[in-house]
Amino acid sequence: GGAEPAPAQEEGADEDGWEAQAEEAPAPPKAEEEAEEEAAPEPEPKAPEPAKPEPEKEEKTEKEQEKKGARAPEPVEEEPEEKVEEKAETSKDTGKKDLAAPDPRPHLNVVFIGHVDAGKSTTCGNVLYLCGCVDERAIEKYMKEAKDKNRESWFLAYIMDTNEEEKAKGKTVEVGRAHFETENRRWTILDAPGHKSYVPNMIGGASQADMGVLIISARKGEFETGFERGGQTREHALLAKTLGVDKLIVAINKMDDPSVGWEKERYDEIVKKLSPFLKSSGFKDDQVIFLPISGLTGDNIKERKNTPGWFTGKTMLDLLDSLEVPKRSSDLPLRIPMLDGYRDMGATMAIGKVEQGTVKPGQKCVVMPTGHKCTVVSVNINDVEMQYASCGENVTMKMHGVSEDQLTRGFVLSSAVDPVKVITKFKAQLQVIELPEERPVLTSGYKAVVHIHVAIEECEILKLYEAMSMTDRKKKEKNPRFVRENSVVTCSIQLARPTPVDVFTGVQQLGRFTMRDEGRTIAIGKITELPKTA
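Treat the numbers as computed from the prediction; the structure is a model and nothing was measured.

Asker: Help me out: how do you make sense of the overall build of the protein in this one?
Answerer: The secondary structure content of the protein amounts to 12 helices and 22 strands. Here the protein, with 534 residues, has 55% of them falling under the buried criterion.

Asker: Please clarify how the pattern of salt bridges should be interpreted in this entry.
Answerer: Pairing between side chains of opposite charge can happen when their charged atoms approach one another. Counted by the stated rule, this structure contains 22 salt bridges. Note that E466 and K478 form a salt bridge whose closest N and O atoms lie 2.9 Å from each other. Placement of the pair is E466 in strand 17 (residues 455-469) and K478 in strand 18 (residues 476-478), with a sequence separation of 12 residues. Judged by its relative accessible area of 22%, E466 falls in the partly exposed class.

Asker: Mind showing me how you'd approach the side chain of S378 here?
Answerer: Topologically, S378 is positioned in strand 10 (residues 372-381). For S378, a relative accessible area of 6% translates into the label buried. For S378, the residues in contact, after removing those within four places along its chain, are P361, E385, T396, M397 and K398.

Asker: Quick question: what am I supposed to make of the confidence of the model for the protein here?
Answerer: The predicted coordinates ought not to be read in detail in places where the model reports low pLDDT. Here the protein averages 77 in pLDDT, while 72% of its residues score no lower than 70. Within the protein, helix 3 (residues 78-90) has the poorest average pLDDT of any element, 37, and strand 9 (residues 364-368) the best, 96. This model gives residues 20-96 a pLDDT under 50, and the stretch forms 103 contacts once residues within four places in sequence are excluded. This stretch, residues 163-167, has a pLDDT under 50; its non-local contacts, to residues over four places away or in other chains, come to 14 contacts.

Asker: Explanation requested: the environment of I524 in the structure shown.
Answerer: Its place among the elements puts I524 in strand 22 (residues 520-529). Note on I524: relative accessible area 8%, which makes it buried. Separated by 10 residues in sequence, I524 and T514 have C-alpha atoms that sit 4.5 Å apart.

Asker: In this structure, what is going on with helix 11 (residues 264-280)? I would like to understand it.
Answerer: Three- or four-residue spacings in an α-helix give side chains the same orientation, since the helix completes a turn every 3.6 residues. Compared with an ideal rise of 1.5 Å per residue, which puts 17 residues at 24 Å, helix 11 spans 25 Å between its outermost C-alpha atoms and is within 8% of the ideal. Helix geometry: helix 11 is bent most strongly at L274, by close to 25°, with proline P276 lying one to four residues after it. All of the buried residues in helix 11 are R266, Y267, I270, V271, L274, F277 and L278. G282, located one to two residues past helix 11, shows a positive phi value of around 95°.

Asker: Help me understand the packing of aromatic side chains in this model?
Answerer: What characterises a pair of aromatic rings is the spacing of the ring centres plus the angle enclosed by the ring planes. The final tally for this structure, using the stated rule, is five aromatic pairs. Consider the rings of F180 and W187, whose centres lie 5.9 Å apart with planes at 5°: the pair is stacked. In terms of burial, F180 and W187 fall into one category: buried. Members of the aromatic cluster, each reached through a chain of ring pairs, are W262, Y267, W310 and F311. Note that K427 overlies the ring of Y465, its terminal NZ or CZ placed 4.5 Å from the centroid.

Asker: Could you clarify how one ought to interpret the nonpolar core in this entry?
Answerer: Buried together is how nonpolar side chains tend to be arranged in soluble globular proteins. Among the nonpolar cores identified, the biggest contains 57 residues, and V110, F180, V250, I252, L274, L278 and F290 are the most heavily contacted of them. It is helix 11 that contributes the most residues to this core, six residues altogether. In this structure, V250 is in contact with L214, I216, L274, L278, V288, I289, F290 and L291, ignoring residues within four places of it in sequence. L442, A467, L495 and F513 belong to the second-largest nonpolar core, a separate cluster that totals 28 residues.

Asker: Would you mind showing me how to read the pairing of strand 14 (residues 421-432) here?
Answerer: In terms of residue burial, strand 14 counts as a mostly covered element, since 10 of its 12 residues are buried. Taken together, the six bridges between strand 14 and strand 22 define a ladder with antiparallel strand orientation. Counterpart to A428 in the pairing with strand 22 is I527.

Asker: Can you walk me through the environment of P104 in this structure?
Answerer: Summarising the element assignment, P104 is placed in the loop between helix 3 and strand 1 (107-114). Relative accessible area serves as the criterion here: at 23%, P104 is assigned to the partly exposed category. Along the chain, P104 and R186 lie 82 residues apart, while their C-alpha atoms are 9.4 Å from each other.

Asker: How should I be thinking about helix 5 (residues 136-148) in this particular structure?
Answerer: Its 13 residues place the ends of helix 5 18 Å apart at the C-alpha level, agreeing with the 18 Å of an ideal helix rising 1.5 Å per residue. Turning to helix 5, its buried residues are A138, I139, Y142, E145 and A146. The buried residues of helix 5 occupy an angular sector of 125° when projected down its axis, which confines them to one face. Exposed side of helix 5, more than 90 degrees from the buried face: E136, R137, E140, K144 and D148 are the residues found there.

Asker: Can you walk me through unusual backbone geometry in this structure?
Answerer: Glycine aside, residues mostly have negative phi angles, and peptide bonds mostly take the trans form. The amide bond that connects M368 to the next residue, P369, takes the cis arrangement and shows omega of 15°. Examined against the element boundaries, P369 turns out to sit in the loop between strand 9 and strand 10. In this structure, K254 is a non-glycine residue whose phi angle is positive, near 65°. Structurally, K254 is set in the loop between strand 5 (247-253) and helix 11. Taking the relative accessible area as the measure of exposure, K254 reaches 14% and is therefore buried. Positive phi is not limited to glycine here, since H453 has a value of about 40°. By relative accessible area, which is 6% here, H453 ends up buried.

So, how was this worked out
- Residues numbered from 1 in each chain as written.
- Predicted model: local features only at pLDDT ≥ 70, side-chain atom pairs only at ≥ 80, totals over all residues.
- Heavy atoms only, no water.
- Helix = DSSP H or I, 4+ residues; strand = E, 2+ residues; numbered from the N terminus.
- Buried < 20%, exposed > 50% of the residue type's maximum accessible area, 1.4 Å probe, protein only.
- Salt bridge = Lys/Arg side-chain N within 4 Å of Asp/Glu carboxyl O.
- Contact = heavy atoms within 4.5 Å.
- pLDDT = per-residue confidence, 0-100.
- Expected span 1.5 Å × (residues − 1).
- Bend = angle between axes of the 7 residues up to and from the residue.
- Phe/Tyr/Trp six-rings, centres within 6.5 Å; stacked < 30°, edge-to-face > 60°.
- Lys NZ or Arg CZ within 6 Å of the ring centre and 35° of its normal.
- Core = buried A, V, L, I, M, F, W, Y, C linked by side-chain atoms within 4.5 Å.
- Pairing = 2+ DSSP bridges.
- Arc of directions from axis to C-beta.

This is the structure:
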């Protein structure tokens, strides 16, 4: 059908006045005097030129800093650290003098994505094992457990899959969190489940990822199963894209399998099949790096080991350590999408990833969309209390003036002076990937669910402004009545509730989203414009 214009038209969704009747979002509370004093968190004092014997390392860290676009360098040398220390002493808020300064190496979240049997948990387990993050006793325990269940080859996976239900199934359900370090960076592994029924779990976890590793099984038959239409490899690649994974390492695993035997032909065949598909999921050539590995034997993970001479690239860990990292703004207003709020020993705790700005004790904040004022009492990274935490860190904060049920997943903790915008409508650019058979066209009035950062909201398409097909990018259609899959469309979208977001050109992670319907990802999008009133 679709001949009837959908009733959404009355929404004042005409070309110019698309936001004319946007519901009044709760106005951000006016910052009071107290908040004014605190204003934007001042960047940490600039490090004076330290006299240090190893200049190379110093330059590198400086360079890293510039690359990150961080104008407020985290203290790198002991000398400025004392400076910060003094500052902490005089600071009236903390009263604590001996807080640790965060490690100056940038912190990144890497998400491992892959079909349930591609060997993802084993690979993650081996990464942790090779980086020395698992003690020998634990490894013996895991080996024994795996042996008892006749699953000896799974002992590495047990490092990642901690709960009993998963061990019994041999499948990863919760998004596991584990830490490792490479020479220039610190990492947290977000391990995402691979089966269909768990995809929504994965979205929340992976939306905090900075880089992705897509694990593909090279074993005959396994690759093919994951790759068919409706197979999970496609869904995973799309997810990686949506979740803002900027760089995707595609690790072709199980190269040691007897059906593969490290054959260059098999590797090339898989790369050739995946390349065009990754392109259609929105990855540009320079965002994807392929490499062959064996997650079980550890070939080409930390060292080449049995990697044949035909592969001349870097090992997986070298690659992670050297890939360009996302630009970060540690000196802009604070944005932390909340993953969770809970009570601990009578205190309210908040968990999230710093997507913009720097958070420190004593900072005045506001939780959006509710406009609830609160203060950060302390900041922890991996259970260690810190002087501050910058962009990219996963933090747990002790909060004052707010209760845990006011820190719902998807709310955003932001600086009181310049809070995040809260809207119920926005304009977006959507890439329509796959529509359900029962609703093969996207029209105004189409209802679905959007995942924006860690928020999950019901939405409705209001109006389609312009569309073009992915195959023929020349032909643009103005005000189309409907679009089919494989097209790019500019449209306006209505959300069921006021939601804190940003445009994609602002805080990227708050400006990109996935649209899902009937249990599958139907589109990925970027927010291009918010209502003027927001």
